[in-house]
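So you can see what is in the structure, the chains are spelled out below.
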Amino acid sequence: MRRRMPLNQALMWRLAGTSALRRLERLGWNPARHPDRASGRMGDMTEIDGMGTDRATCVLAPNPSAMTLDGTNTWIIAEPGSDQAVIVDPGPKDGTHLRRVLATVEAQGRRVGLVLLTHGHPDHSAGAGKFAKLAGGVNVRALDPRHRLGDEGLSEGDVVTTGGLELRIMETPGHSDDSLTFWLPADGAVLTGDTVLGYGTTVLEGRLGDYLGSLDRLRKFSADVEAATILPGHGPKLDDPIAVLDHYIDHRRERLAQVEAAVAAGARTAREVVERVYADVDKSLWPAAEWSVQSQLDYLNER
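I will try to describe carefully the structure that is included in this document. (Residues numbered from 1 in each chain as written. Predicted model: local features only at pLDDT ≥ 70, side-chain atom pairs only at ≥ 80, totals over all residues. Heavy atoms only, no water.)

Let's shift gears to helix 8 (residues 270-277). If you check which residues of helix 8 are buried, you get Ala270, Val273, Val274 and Val277. Along the long axis of helix 8, the arc covered by the buried residues comes to 100°, so they all point the same way. Residues of helix 8 that are buried make contact with helix 7 (241-264) and helix 9 (286-302). (Buried < 20%, exposed > 50% of the residue type's maximum accessible area, 1.4 Å probe, protein only. Helix = DSSP H or I, 4+ residues; strand = E, 2+ residues; numbered from the N terminus. Arc of directions from axis to C-beta. Contact = heavy atoms within 4.5 Å.)

This is how it looks when you write it as structure tokens:
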């Protein structure tokens, strides 16, 4: 059963990087403002734009916010010498960004063969339909049928071979029920969507138990295949996957212990826990923290 997200959280994800948010910001209100930088302004690029591996190139969407860090990473994946590319997470429905992704593919001497989604949150998927049309009517594959264009979905064990690629699909729920991770073995690269970010920690819409299981699985998998890098949905790439995943797992276990201690001390609601556990965190991030804490409380109750 899909958990209902709080209204303010749903609003932040829906607005992040959109023209509606930019209009609101001009009126002095931005519910998704990044605490460390001005947000809602299109065209602010960083060193993240253009990073990647031999087969993967990032085109950074200009939608920075508290929910999206520097913006959404759209990934162009292509086998050297191939005339086809796979696009992972076209990003928000912003024409300037979508056209820039397409122009980057064309500058590589390629065409778009397929679009894949790591999950259905709007900052990753809202532009998929428009981009597919710009690219000539290509299919969009996703785990959730609501975000697909065409008959073919994505699920555990699928292998995408467009343009000679080998891109393997893993189901890694937790950030959302429909979260996927893509393994690009030729580059030793793990594309994690929002399951693992380039910095900071992710917000949970799904169940904490699922998320902890996904982290444990990714940690074991990365060790078994000797993964070389994580290509996240937001933030810079990470060239020590094992250390990053160990940190994520330790952080979640530590936060869970803090939540458990807060409950033992008398906190009863997610808000009360946040006020105790996240007292040193910028209050603009408390709504997101409250959502994650609710997942932790649900996990403790289930356990």
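On to the sheet that holds strand 9 (residues 189-193). In spatial order, the strands read 6-7-8-9-10; together these 5 strands make up an open sheet with mixed pairing. For this open sheet the edge positions go to strand 6 (159-160) and strand 10 (229-232), each flanked by a neighbour on one side alone. Relative to strand 10, strand 9 runs parallel, the two sharing 4 bridges. Paired with Val190 across the two strands is Ile230, which belongs to strand 10. Across the sheet, helix 6 (residues 208-225) lies against strand 7 (167-171), strand 8 (180-184) and strand 9, angled at about 150° from strand 7, the strand it touches most. (Pairing = 2+ DSSP bridges. Axes fitted to C-alpha atoms, helices over the stretch in contact; angles between N-to-C directions.)

Pairing is mixed across the open sheet formed by 5 strands, whose spatial order is 1-2-3-4-5. The open sheet has two free edges, formed respectively by strand 1 (56-60) and strand 5 (140-141), since each of these has just one partner strand. Bridge count for strand 1 against strand 2 (residues 73-77) is 5 bridges, and the pairing is antiparallel. Residue pairing in the sheet places Thr57 in a bridge with Ile76 of strand 2. Contacts from helix 3 (residues 95-107) reach strand 1, strand 2, strand 3 (84-88) and strand 4 (111-116) within the one sheet, and its direction differs from that of strand 1 by about 155°.

Here we come to the packing of helix 6 against helix 9. Orientation of helix 6 relative to helix 9, taken along the N-to-C sense of each, is 95°, at an axis distance of 8 Å. In terms of their interaxial angle, helix 6 and helix 9 are classed as roughly perpendicular. Residues Leu208, Gly209 and Leu212 of helix 6 lie in contact with helix 9, whose contacting residues are Ser295, Gln296 and Tyr299. Taken together, the residues of the contact of helix 6 with helix 9 sort by class into 3 nonpolar, 3 polar and no charged. (Parallel < 35°, antiparallel > 145°, perpendicular 65-115°, else oblique. Nonpolar A, V, L, I, M, F, W, Y, C, P; charged D, E, K, R; others polar.)

Along the chain, Ala85 falls in strand 3. When the C-alpha positions of Ala85 and Gly109 are compared, they lie 9.8 Å apart, and in sequence the two are 24 residues distant.

With that out of the way, let us pick up the packing of aromatic side chains. For the structure shown, the criterion picks out 1 aromatic pair. When the ring of Trp183 is compared with that of Phe221, the centres are 5.2 Å apart and the planes differ by 90°; the resulting orientation is edge-to-face. Residue Trp183 is found in strand 8, and its partner Phe221 is found in helix 6; the two are separated by 38 residues along the sequence. The class of Trp183 is buried, set by a relative accessible area of 8%. (Phe/Tyr/Trp six-rings, centres within 6.5 Å; stacked < 30°, edge-to-face > 60°.)

Without other data, these values stay purely geometric and don't point to any function.
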